[in-house]
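Listed below, chain by chain, are the residues.
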Amino acid sequence: MTDEHRIEIEIPLEATPDEVWEAISTVEGMTAWFFPMEVAPDENGMSPNGRVTSWEPGRGYTVVAGPNTFEYLIEARDGGSAVLRFSQTGFSDDDWEAEYEATARGWGLYFHTLARYLSIFMADPATYILAEGPDASKTAEAWQGLLSELGASVVGDKVELTVPGLDPIVGKVDYLGPSHLGITTDQALLRFHDRSLLNLPIAIGHHYYGDQDADRLKEAWTSWLAAQFQ
């Protein structure tokens, strides 16, 4: 294992260590910025996602899943804030470079989303919506076309779009990376993923807050994605 196979990220967060712990250690918390998953260990030290080798409430934990090790460490800061230090090691396949790059880009978006959630929507329950585009969206050109269609070129851009079946959407770009777009609205953190590095179609992983109809949202966004790449 070399340093090239390790991802390390440090995220300052406007939240207390206990609030950060809640966000990274519970199903409700993970749903709000990542996706629904159970990470707490059972009496044998196992979770549905792997073997939990350390678990310190309020401070962090480590999970080993196959060839990958994920470590979350929380450090208190002055003023009631905190910093989260994350690392992932693994990527042992022969073609690990593409997986490594795609994963690093994804974590960049996810932890930005965590910070946004904690600063804007922390008091609200979350609903996670996942949908994929058609095979025609597997290319980098398809991703650039989607950005153009949305009018998203820099952070701060105002975005207005119509998704049939939903109220008109108005928001601002809060994240724009090589493979990811984030838009904040008054009720959601909308996340768009270019997965062409992995030969996979564009996907969305939206986080809605408050009282939401998950089935209606998923159906509307799935239809919208299909319509973009007819």
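Residues numbered from 1 in each chain as written. Predicted model: local features only at pLDDT ≥ 70, side-chain atom pairs only at ≥ 80, totals over all residues. Heavy atoms only, no water.

A. Just the overall build of the protein, in detail. Looking only at helices and strands, the protein features five helices and 12 strands. Taken over C-alpha atoms, the radius of gyration comes to 18 Å for the protein, in line with the 17 Å a tight globule of 230 residues would show. With respect to the three principal axes, the spread of C-alpha positions in the protein is 50 × 45 × 30 Å. The burial tally for the protein puts 47% of its 230 residues in the buried class. Total accessible area on the protein stands at roughly 11400 Å², and carbon and sulfur atoms take up 48% of it. Separation of charge centres in the protein, based on 14 positive and 37 negative side chains, amounts to 3 Å. (Helix = DSSP H or I, 4+ residues; strand = E, 2+ residues; numbered from the N terminus. Rg over C-alpha atoms; globule rule 2.2 N^0.38 Å. Buried < 20%, exposed > 50% of the residue type's maximum accessible area, 1.4 Å probe, protein only. Areas by Shrake-Rupley, 256 points an atom, 1.4 Å probe, with all protein chains shown as cover. Lys, Arg positive; Asp, Glu negative; His and termini not counted. Charge placed at Lys NZ, Arg CZ, Asp CG, Glu CD.)

B. The arrangement of the side chain of Thr185 in detail. By the secondary structure assignment, Thr185 is in the loop between strand E10 (180-184) and strand E11 (188-193). When its relative accessible area of 10% is taken as the criterion, Thr185 is described as buried. Polar side-chain contacts of Thr185 include one of 3.2 Å to the backbone nitrogen of Gln187. If we skip the residues at most four places from it in the chain, Thr185 touches Phe121, Ile169, Val170, Gly171 and Leu190. (Polar contact = N/O pair within 3.5 Å; in protein donor to acceptor, adjacent residues only side chain to side chain. Contact = heavy atoms within 4.5 Å.)

C. Spatial organisation of the packing of helix H1 (residues 17-25) against helix H3 (residues 96-121). H3 packs onto H1 with a crossing angle of 125° between their chain directions and a minimal axis gap of 11 Å. When the axes of H1 and H3 are compared, the pair comes out oblique. Remark: the crossing between H1 and H3 carries right-handed chirality. In this structure, H1 contributes Glu19, Val20, Ala23 and Ile24 to the contact, and H3 contributes Leu114, Tyr117 and Leu118. Of the residues in the contact of H1 with H3, the class split is six nonpolar, no polar and one charged. (Axes fitted to C-alpha atoms, helices over the stretch in contact; angles between N-to-C directions. Parallel < 35°, antiparallel > 145°, perpendicular 65-115°, else oblique. Left-handed = near helix turned anticlockwise from the far one by under 90°. Nonpolar A, V, L, I, M, F, W, Y, C, P; charged D, E, K, R; others polar.)

D. Spotlight on the pairing of strand E6 (residues 82-89). For E6, the buried fraction is high: seven of the eight residues fall into the buried class. Bridge count between strand E1 (residues 6-13) and E6: eight bridges; the pairing is antiparallel. Along E6, the bridge assignment pairs Pro12 with Val83. Across eight bridges, the pairing between strand E5 (residues 68-76) and E6 is antiparallel. Bridging from a neighbouring strand, Thr69 pairs with Thr89 of E6. Between the end of E5 and the start of E6, which pair antiparallel, lie five residues, with Gly79 showing a positive phi angle near 80°. (Pairing = 2+ DSSP bridges.)

E. Geometry of the environment of Thr53. Relative to the elements of secondary structure, Thr53 occurs in strand E3 (residues 50-56). Residues Thr53 and Trp33, 20 residues apart in the sequence, show an inter-C-alpha distance of 23 Å. Setting aside chain neighbours within four positions, we find Thr53 in contact with Thr62 and Val64.

F. Structural view of the layout of surface pockets. Reported here for the largest pocket is a volume of approximately 750 Å³. With seven residues, H3 is the single largest residue contributor to the lining of the largest pocket. For the lining of the largest pocket, the class distribution of residues is 20 nonpolar, eight polar and five charged. Estimated volume of the second largest pocket: approximately 190 Å³. Forming the boundary of the second largest pocket are 14 residues, of which Asp167, Pro168, Ile169, Gln187 and Tyr208 lie nearest the centre. For the lining of the second largest pocket, the secondary-structure elements that each account for two or more residues are strand E9 (169-176), E11 and helix H5 (214-228). (1 Å grid on protein atoms, 1.4 Å probe; cavity = no way out; pocket = protein on both sides within 12 Å on 5 of 7 lines; lining within 4 Å. Points joined across faces, edges and corners; volume = space filled by probe spheres on them.)

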